[in-house]
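As a plain string of letters, each chain reads:
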Amino acid sequence: MSTETKRGFTTQILHGDRQSTIEHGSNCKPIHTAIAYGYKDAREIAEVFQGSKPGYSYGRQNNPTTTALENKITAMEQGTGSVAFSTGMAAISAVMLTLLRQGDHLIASRFIFGNTNSFLNTLMNFGIEVSFVDATDSAQVAAAVQPNTRMVFVETIANPCTQIADLKGIGQLCQEKQLVFVIDNTMTSPYLFKPIKVGASLSINSLSKCIAGHGDVLGGAVTELGQFDWSRYDNIIDTYKKGDSRNWALTQIKKKGLRDTGATLDSMAAHHIAVGAETLALRMSKISDNALKLAQFLNQQEKIVKVFYPGLTEHPEHDRATELFMAYGGLISINLDPALDCFEFLNRLQVPIISSHLGDNRTLLIPVAHTIFYEMGPERRASMGIDDNTIRISVGIEDIEDLINDFDRVLNG
Ligand SMILES: *Cc1c(COP(=O)(O)O)cnc(C)c1O
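Thresholds applied
- Residues numbered from 1 in each chain as written.
- Predicted model: local features only at pLDDT ≥ 70, side-chain atom pairs only at ≥ 80, totals over all residues.
- Heavy atoms only, no water.
- Pairing = 2+ DSSP bridges.
- Helix = DSSP H or I, 4+ residues; strand = E, 2+ residues; numbered from the N terminus.
- Axes fitted to C-alpha atoms, helices over the stretch in contact; angles between N-to-C directions.
- UniProt positions renumbered as here; feature names shortened; annotations may be inferred.
- Buried < 20%, exposed > 50% of the residue type's maximum accessible area, 1.4 Å probe, protein only.
- Contact = heavy atoms within 4.5 Å.
- Core = buried A, V, L, I, M, F, W, Y, C linked by side-chain atoms within 4.5 Å.
- Domains from an automatic or database assignment.

A. View of the sheet that holds strand S7 (residues 220-224). In spatial order, the strands read S1-S7-S6-S5-S4-S2-S3; together these seven strands make up an open sheet with mixed pairing. Strands with a single pairing partner mark the edges of an open sheet, and in this sheet they are strand S1 (81-85) and strand S3 (129-133). Ignoring strand direction, the axes of neighbouring strands in this sheet form an average angle of 20°.

Here it is in structure tokens:
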């Protein structure tokens, strides 16, 4: 491990597989399709099932190809271990379902992914209290803390209006109050931001977005960052209180989460994600570079009344982003002049694709009020900074001249 930790971000992703047993000399981890395993003898199956010996038990719980991917995610996040799930939502829901109980209180950012918002509403139906606060200000998080508060959940860069949570301030607060601090790192990816640096307990990534990067596979992961002493946390069941207490929660998330939800990542998907992850650093550098240039161009356009991008100096959390992130990422949103028809505007662009999804190699555009935030209704949308002419741009790796020329033609042609 000590030699591995000295290696760079991409070297670890590329060569991590060869730290464990190399099968037939393969340069990447083979795709294992078996869902059950044979053992040396009857004693060994008992040892594997009881966890006293490493090994594989059943495909819902673990698979060598998935383990290899989990090890890569752990290295990227500088964590102590990871569990993969079939989607990012499965990872998020497994964390909440396994670590929270009826009567517990969760504080969540008001600016979160719509499906996460939907899931937190489901939790409320099961007797878990949830407060939504403006997490760009840690004082608002502090003001929401109650005696039964267990967990704080935020994203790094919020979708679509790019608010950035006060990650450092919330990290300090959570340490003082012994609250579990969960960061959804999807928007930044572990290349741009390391939640471990702000004291987070767990980092969650939708692998479907930047990490896989090609819009062809779904996945999610939870990473334990080793900074929370779970012996102080009431909701760990006795069976999982074994060994180093910093790993108890991940054991519970893996055992209970995969068992109860059955939302296991398939080995073929794990392979696709691992291949995508090899170029995460290269893609995120290019995407961030393109996004900054495109945001600066869009910001000068008369027909665009507002550009949301953390790389612009007038962004309210620009300094925070500069301090915490390696670059500003690929998410830009714009509010078109209300006199313009956003559908017509979108239809005239030729290079980007009109599509949901984020973190793809291709630039993607979506009119958010009419699609992904439609169900929320106009009031909640307004509170998030979204209007009917808000367009989200997930910037890709195209040649930047082609993107700028396309927007220039539609705006000024
Ligand atoms: C997409 C997304 C998710 C959910 O990921 P899926 O893999 O699509 O389930 C969670 N959080 C954020 C911030 C996302 O953008």
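B. View of the UniProt feature "modified residue: N6-(pyridoxal phosphate)lysine" (unreviewed entry) in the protein. Taken from the UniProt record, the annotation "modified residue: N6-(pyridoxal phosphate)lysine" (unreviewed entry) applies to Lys209. Turning to its location among the elements, Lys209 is positioned in the loop between strand S6 (202-206) and S7. On the basis of relative accessibility, which here comes to 14%, the residue Lys209 falls in the buried class. Those residues in contact with Lys209, other than ones at most four positions away along the chain, are Phe113, Thr186, His357, Leu358 and Gly359.

C. Seen up close, the nonpolar core. With 54 residues, the main nonpolar core has Leu298, Ile332, Ile393 and Phe407 as its most contacted residues. Two domains each provide a minimum of three residues to this core, namely domain 1 (9-277) and domain 2 (283-412). Once residues lying within four places of it in the same chain are set aside, the contact partners of Ile393 are Leu294, Leu298, Gly330, Leu331, Ile332, Ile334, Thr363, Leu364, Leu365 and Phe407. If you look at the next biggest cluster of nonpolar residues, it comprises 36 residues, including Ala94, Leu123, Val180 and Ile204.

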